[in-house]
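# Observations on the model geometry
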Amino acid sequence: MTMREIRTLVGGRGLVESPRWHDGRVYFSDWTAGEVLAADPDGRCEVVARVKSLPLCTAWLPDGGLLLVDSPGGRLLRQDGDGTRTVHADLGRTGWNDIVADGRGNAYVNRAGFDPMAGEEFRPGSVFLAAPDGTVREVAGDVAFPNGMAVTPDGSTLIVADSYRGELVAFAIGAGGGLSDRRVWADLGGGTPDGICTDAEGAVWYADVPHERCVRVAEGGAVLDAVEVDRGAFACALGGPGGTTLFITAAEWQGMTEPEPVRPGSGRLLAADVEVPGAGWP
């Protein structure tokens, strides 16, 4: 694997997640603080939204609206550039996790079937579609623990990280946003995928908390590259001026059932240069 410099753009945060490159800045969430932040490539950072939600994941719609998952409120919120916030969709229950929006304005939101932080008994999770008209319906089930999601550059495929099964699962996206033709896109051979992103060669980068790294894999699972970090890697996104900066949200993991899942102040937004630019969503 390539030896490369890992740069810290932002430090001193909590459980950081959901990096998204948009309009010259990388947006990411601090779940501990209930904040969404935006940082430029030099690390200058500001808070752009506050939502008391854990998880707190985001996605950008094609028209520039920012979607925020209000997990305890069971709502999908939309924030516009002037700060105006509205309810984009009523999700109908609590317990939501990650989100990705595609080029047609479909938003895919997933949820676990149980609350691991509360010690509940395991049940598999699901993926839901929040359509542009605000309707919400389940479009996939039996994902053991759904985490990061990405849509391929051609808009035809949704890829979902199943952390418990150690695999990336793919679905064909239909004309109305529905999912079909489920298949295992990659068996990660012991990897534990969290947040993911796609690149221009059709590969996927996945963040891995217990193995403290981000790994680039081809369809089928062949490992193409890896970026090692010194703490749990929760999510990654490609961006930067040429699309070849891998932004990584990372923190020192203490455990799902601990009062503080990560060590306070250990959350960082990291950056590393890679060869293939990002493509697709997020």
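So, here is what we can say about the structure in this document. (Residues numbered from 1 in each chain as written. Predicted model: local features only at pLDDT ≥ 70, side-chain atom pairs only at ≥ 80, totals over all residues. Heavy atoms only, no water.)

### A short note on the pairing of strand 14 (residues 146-151)
In regular strands, side chains alternate between the two faces of the sheet. Rule in force here: Think of it in three bands: residues with accessible area under 20% of the maximum for their type are buried, residues over 50% are exposed, and the middle band is partly exposed, with areas taken using a 1.4 Å probe on protein chains only. Think of it this way: any DSSP run of H or I at least four residues long counts as a helix, any run of E at least two long counts as a strand, and we number them from the N terminus. Two strands pair if DSSP finds at least two bridges between them.
In terms of burial, strand 14 is largely enclosed, as 6 of its 6 residues are buried. Here strand 14 folds back onto strand 15 (residues 157-162), and the loop between the two strands holds 5 residues, one of which, G155, carries a positive phi near 75°.

### Description of the sheet that holds strand 20 (residues 213-217)
As a reminder of what qualifies: Fitted lines through C-alpha atoms serve as axes, helices being fitted only where they are in contact, and the angles separating the N-to-C directions of these axes extend from 0 to 180 degrees.
With antiparallel pairing, 4 strands are arranged side by side in an open sheet as 18-19-20-21. Edge strands, defined here as strands with exactly one partner in the open sheet, are strand 18 (193-198) and strand 21 (223-228). The average undirected angle you get between the axes of adjacent strands in this sheet is 20°.

### Focus on the packing of aromatic side chains
Threshold: Aromatic rings from Phe, Tyr and Trp, with only the six-membered ring used for Trp, were paired whenever their centres fell within 6.5 Å, and each pair was classed as stacked if the ring planes differed by under 30 degrees, edge-to-face if by over 60, and tilted otherwise. As a reminder, the over-ring test applies to NZ of lysine and CZ of arginine, requiring each to be within 6 Å of the ring centre and within 35 degrees of the ring normal.
Under the criterion given, the structure shown has 9 aromatic pairs. Between F234 and W253, the ring centres sit 5.8 Å apart and the planes meet at 65°, which makes this aromatic pair edge-to-face. Placement of F234 in strand 22 (residues 232-239) and of W253 in the loop between strand 23 (245-251) and strand 24 (267-273) is noted, with a sequence separation of 19 residues between them. On the basis of relative accessible area, F234 is assigned to the buried category, the value being 4%. The class of W253 is partly exposed, set by a relative accessible area of 36%. By the ring-pair criterion, three or more aromatic residues cluster together here, those being F114, F122, F145 and Y164. When the ring centre of W96 is taken as reference, the NZ or CZ atom of R111 above it lies at 5.4 Å.

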